[in-house]
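Survey of secondary and tertiary structure
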Amino acid sequence: MIQIANVSKSYGSFDVLKDCSTTVNKGEVIVVCGPSGSGKSTLIKCVNGLEPFQSGQIIVNGTSVGDPKTNLSKLRAHVGMVFQHFELFPHMSITENLAIAQIKVLKRNRDEAVDKGLKLLDRVGLKAHAHKFPGQLSGGQQQRVAIARALAMDPICMLFDEPTSALDPEMINEVLDVMTELAQEGMTMMCVTHEMGFAKRVANRVIFMDHGRIVEDDSKDAFFANPRSERAQQFLAKILHH
Ligand SMILES: Nc1ncnc2c1ncn2[C@@H]1O[C@H](COP(=O)(O)OP(=O)(O)O)[C@@H](O)[C@H]1O
Ligand SMILES: [Mg+2]
């Protein structure tokens, strides 16, 4: 589903991604972790063309992201992305938030879009909140709406960038539960997260990044049992014990 081959990216003389390669097969869940500034967000933004890269290749479901002929809006319409800050439209009701991209981008009619949005809202446990505005929901609820909104576009895969790191602790699980369900239903997912419980439950592989490099790309079991690099060992020791 996602092939990343020898991708490098720099900002001026600063190399933010260095020769990164990995493959995500259909139905796989990959957790990407690593210290702040290691390039995790940049890597997953490259996957749906939100960040350009200077060398290497990324192929998503047969489409080359870096090819200037690729219609990036069309690609992005079907690559779900969920950010740390939910980025719902504050002046629109939850129903509108769920429907708007379906109407504008996928050209669905309003009834169909609203119907689909409400079904997905129900699925994330928030049916009763359809008429509210984002500001009236908790952070965890807003993030579940953001996930429902991405799912309404019938994504071929989902990218998550630290979806729970802006949430209060008691709201983290409600979001992780939705992500776990998605994973169990076979969604292809690339998740930047430091929720190692989630990684242990649902990830197929764990990627560890440091200074723009993919330092580890291991099965979950191998990663947790015995990370190869010293940097990953230190990192794990820190986040598992705090
Ligand atoms: N637009 C930019 N210009 C220059 N440097 C940037 C820009 N965006 C990100 N960076 C740098 O790239 C590095 C990787 O950033 P990022 O991908 O956000 O890391 P992570 O998500 O792992 O914390 C950081 O050192 C960051 O400061
Ligand atoms: Mg980041």
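Whatever comes next refers back to the structure up there.
Criteria and thresholds
Residues numbered from 1 in each chain as written. Chains lettered and ligands numbered in written order. Predicted model: local features only at pLDDT ≥ 70, side-chain atom pairs only at ≥ 80, totals over all residues. Heavy atoms only, no water. Pairing = 2+ DSSP bridges. Helix = DSSP H or I, 4+ residues; strand = E, 2+ residues; numbered from the N terminus. Salt bridge = Lys/Arg side-chain N within 4 Å of Asp/Glu carboxyl O. Buried < 20%, exposed > 50% of the residue type's maximum accessible area, 1.4 Å probe, protein only. Axes fitted to C-alpha atoms, helices over the stretch in contact; angles between N-to-C directions. Parallel < 35°, antiparallel > 145°, perpendicular 65-115°, else oblique. Left-handed = near helix turned anticlockwise from the far one by under 90°. Contact = heavy atoms within 4.5 Å. Nonpolar A, V, L, I, M, F, W, Y, C, P; charged D, E, K, R; others polar.

This paragraph deals with the sheet that holds strand S4 (residues 55–60). An order of S2-S1-S4-S5 is seen for the 4 strands of this open sheet, with the pairing classed as antiparallel. In this open sheet, the two edge strands, each paired with only one partner strand, are strand S2 (14–24) and strand S5 (63–64). As paired elements, strand S1 (residues 2–11) and S2 share 7 bridges and run antiparallel to each other. Bridge pairing in S2 links Ser10 to Asp15.

Now for the pattern of salt bridges. Taken as a whole and judged by the stated rule, the model has 12 salt bridges. When the shortest N-O distance is used, the salt bridge between Glu51 and Lys9 registers 3.2 Å. Highlighted residues: Glu51 in the loop between helix H1 (40–47) and S4 and Lys9 in strand S1, separated in sequence by 42 residues. Assigned by exposure class, Glu51 and Lys9 land together as buried. We note a salt bridge from Asp210 to Arg231, for which the minimum N-O separation is 3.4 Å.

Put simply, helix H4 (residues 110–123) and helix H5 (residues 139–151) touch, their axes get as near as 9 Å, and they point 135° apart. Relative to H5, the element H4 lies oblique. In this structure, the crossing between H4 and H5 has a hand that is right-handed. Contacts between H4 and H5 involve Lys116, Leu120, Leu121 and Arg123 on the former and, on the latter, Val145, Ala148 and Leu151. Among the residues making up the contact of H4 with H5, the classes are represented as 5 nonpolar, no polar and 2 charged.

Nothing here speaks to function; it is all geometry.
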